[in-house]
Amino acid sequence: MAFDVSPIGIVRSERVEVVDDNWGSVESVLDLHDSVLDADSTLGLAEFSHLEVVYGFHLCDPAEATTGSRHPRGDTTLPRVGVLAQRVKDRPNHLGVSRCEIVDVDGLRIRVRGLDAIDGTPVFDVKPFLQSMVPEREDVKEPTWVASVMKNYF
């Protein structure tokens, strides 16, 4: 079953190259399309501190998608793990999800900090981050290799 999704906006950023690290201070603008959304679609969003953005890795070659396993960041000192156990761009549907800080909301322009998406990235959805949506029933666990690949990400 196919599922059609169209962008509701585009990322505007000074960051134009795909780089894995140092996203924490990057400010971007989510420039939402007025042909898709009404001007009041962001009403109340500024009351939140963070949001989650669903976007597309638009520069990825579909032929290079990983459907099995690989070493995180190509580092052979780390174990091979499946694509679904990583947050890599070369995944079957080339979709990214990122939580970032809201800096300002001005109609259909949302300024954010810490979004790991480059200029021109299509935005498919924006959702306010709700603490109540985070399961706190159990401790979160991660494999040890995650700390290695994420140490300079933000």
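Residues numbered from 1 in each chain as written. Predicted model: local features only at pLDDT ≥ 70, side-chain atom pairs only at ≥ 80, totals over all residues. Heavy atoms only, no water.

Trainee: It is not clear to me how the side chain of Ser13 should be interpreted in this structure. Could you clarify?
Mentor: Along the chain, Ser13 falls in strand β1 (residues 9–13). There is a polar contact of 3.0 Å between the side chain of Ser13 and the backbone nitrogen of Arg15. In contact with Ser13, other than residues within four places in its own chain, are Val26, Glu27, Ser28, Ala117, Ile118 and Asp119. (Helix = DSSP H or I, 4+ residues; strand = E, 2+ residues; numbered from the N terminus. Polar contact = N/O pair within 3.5 Å; in protein donor to acceptor, adjacent residues only side chain to side chain. Contact = heavy atoms within 4.5 Å.)

Trainee: What is the right way to look at the pattern of salt bridges in this model?
Mentor: Once their charged atoms are close, side chains differing in charge can pair, the charge on each being opposite to the other. Scanning the entire structure with this criterion turns up seven salt bridges. We note a salt bridge from Glu52 to Arg99, for which the minimum N-O separation is 3.8 Å. With Glu52 in strand β3 (residues 50–56) and Arg99 in strand β6 (residues 95–106), the pair connects residues that are 47 residues apart, well separated along the chain. Look at Glu52 and you get partly exposed, because its relative accessible area is 26%. Ionic pairing is found between Arg113 and Glu101, a salt bridge with its closest N-O pair at 2.9 Å. Pair noted here: Arg113 is in strand β7 (residues 109–113) and Glu101 is in strand β6, with a separation of 12 residues, a long-range link. Residue Arg113 is classed as partly exposed on the basis of its relative accessible area of 27%. A relative accessible area of 31% places Glu101 in the partly exposed class. Within this structure, Glu27, Glu101, Arg111 and Arg113 form a network of salt bridges that share partners. (Salt bridge = Lys/Arg side-chain N within 4 Å of Asp/Glu carboxyl O. Buried < 20%, exposed > 50% of the residue type's maximum accessible area, 1.4 Å probe, protein only.)

Trainee: Sorry, what's going on with a nonpolar patch on the surface here?
Mentor: A grouping of Phe48, Leu130 and Met133 is seen on the molecular surface, where their side chains present a nonpolar patch of about 290 Å² in accessible area. By the secondary structure assignment, Met133 is in the loop between β8 (122–128) and α1 (145–150). (Patch = residues over 30% accessible without salt bridge, like charges linked within 9 Å, V, L, I, M, F, W, Y side chains within 5 Å. Areas by Shrake-Rupley, 256 points an atom, 1.4 Å probe, with all protein chains shown as cover.)

Trainee: Which parts of the structure should I look at to understand the pairing of strand β2 (residues 27–32)?
Mentor: It is a general feature of regular strands that their side chains alternate between the two faces of the sheet. Direction of pairing for β1 relative to β2: antiparallel, over a ladder of five bridges. Bridged to Ser13 within β2 is Ser28. (Pairing = 2+ DSSP bridges.)

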